[in-house]
Amino acid sequence: MTISILGTNGFLSTAIGYYFQQQGYIINCFGLEPPTHSYDSFYAIDLVNQNFDVSFLLDSDLIIYAIGAGIQSNLREKEDIIYKLNVFSPVSLCLQLRDKNYNGVFVSFGSYFEMGETMQRYPFAEEDVINSSAPAPNDYTVSKRMFSKFVSSYRHDFTHWHFILPTIYGQGENPNRLIPYTINALKNGLVPNFTSGEQIRQYIHVKEISVIIQKSVQMRLHGGIYNVGGVDTVSVHQLIEIIYNKLDQQMSESVFNQSERVDTAMQYLALDGSKLYNLINYNPIISIKESISDYI
């Protein structure tokens, strides 16, 4: 099987590339720089400043769009780049693949941030995410909503899997994200600062995404939008407490309410993944508690 991955050296794209390279598949990579994992071919592309000809992709059994912008607020990416990479580029790819009569599988990713600042406190089904009109706290959320809405509406003959993801985590993620930030602070004797910690988030280990894609291939999953439900649904406070306990350190409540984030208004984010997992006969199993040691 030939797999083309658009996006190199991102957290998700690296995990996917490494996994499928280990499976012995032909891996073609497209991005700004060569990936850190092994690959068969690399093509330098800049989707922000260049048009891309999908002719390079037509022989691929699986095309994975793992390029995006705006998820890391500390990077302060410009709004036009966020919309370009999250909406306009993948829309263009989909339309070109349709026009070129592509007959493989195209994979893209949404985010449970698309739920917005909802007052609901239950895991959203796919329709709930797509139809949410709750306030959006940032351009990242708006852009992801725009592309998911496009996927739900456009006509095409090739198979398109659009996986809506919860928070992904695992070794190799950005050190500014919550888990590595907390662990690094405690290991170095620093006092970390957190929000109130009341917001509920759902988590899935990044390794599970590759397994889910492979299971979808094996089960010949039909095209559509699918929630990737996480293993752990916990408050930020509970997650931090898990990390403290794993490192045998005493947690003080004084570390909370010391910082602010734009996403704290989204008090509950979780996905119902039963539709996908029933179809591919798989449920993710890696938990946060057993994964913390990988960071250490």
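Provided above is the structure to which this section pertains.
Everything numeric here is computed off the predicted structure, so don't read it as measured data.

A.B. asks: Please clarify how the pairing of strand β6 (residues 159-165) should be interpreted in this entry.
C.D. replies: Two faces belong to every sheet, and in a regular strand the side chains alternate between them. With six of its seven residues buried, β6 lies for the most part within the structure. Relative to β6, strand β5 (residues 105-111) runs parallel, the two being bridged by seven bridges. Pairing of V105 across the sheet is with T159, part of β6. Sheet analysis places β6 next to strand β9 (residues 224-227), joined by four bridges and oriented parallel. Within β9, the residue paired with W161 across the bridge is G224.

A.B. asks: What's the story with the nonpolar core in this structure? I'm lost.
C.D. replies: Soluble globular proteins tend to bury their nonpolar side chains together. With 38 residues, the main nonpolar core has L6, F52, L57 and Y65 as its most contacted residues. Listed by contribution, the elements that provide at least two residues to this core are β4 (62-65), α2 (79-99), α3 (126-130) and α4 (139-153). When residues in this core are grouped by element, the largest group, eight residues, is from α2. Listed in part, the 32 residues of the second largest apolar core include I16, V107, F163 and I204.

A.B. asks: Would you mind showing me how to read the environment of G223 here?
C.D. replies: Mapped onto the fold, G223 is located in the loop between α6 (206-218) and β9. For G223, a relative accessible area of 38% corresponds to the partly exposed category. Sequence spacing of G223 and L85 is 138 residues, and the spatial spacing of their C-alpha atoms is 22 Å. Setting aside chain neighbours within four positions, we find G223 in contact with T159, H160 and W161.

A.B. asks: Which parts of the structure should I look at to understand the packing of α2 against α4?
C.D. replies: At their nearest, the axes of α2 and α4 sit 9 Å apart, and the two run at 10° to each other. Classed by the angle they form, the pair α2 and α4 counts as roughly parallel. Touching E79, I82, Y83, N86, V87, P90, V91, C94 and L95 of α2 are D139, Y140, V142, S143, K144, M146, F147 and F150, all from α4. Partitioning the contact of α2 with α4 into residue classes produces twelve nonpolar, two polar and three charged.

Criteria and thresholds
Residues numbered from 1 in each chain as written. Predicted model: local features only at pLDDT ≥ 70, side-chain atom pairs only at ≥ 80, totals over all residues. Heavy atoms only, no water. Buried < 20%, exposed > 50% of the residue type's maximum accessible area, 1.4 Å probe, protein only. Helix = DSSP H or I, 4+ residues; strand = E, 2+ residues; numbered from the N terminus. Pairing = 2+ DSSP bridges. Core = buried A, V, L, I, M, F, W, Y, C linked by side-chain atoms within 4.5 Å. Contact = heavy atoms within 4.5 Å. Axes fitted to C-alpha atoms, helices over the stretch in contact; angles between N-to-C directions. Parallel < 35°, antiparallel > 145°, perpendicular 65-115°, else oblique. Nonpolar A, V, L, I, M, F, W, Y, C, P; charged D, E, K, R; others polar.

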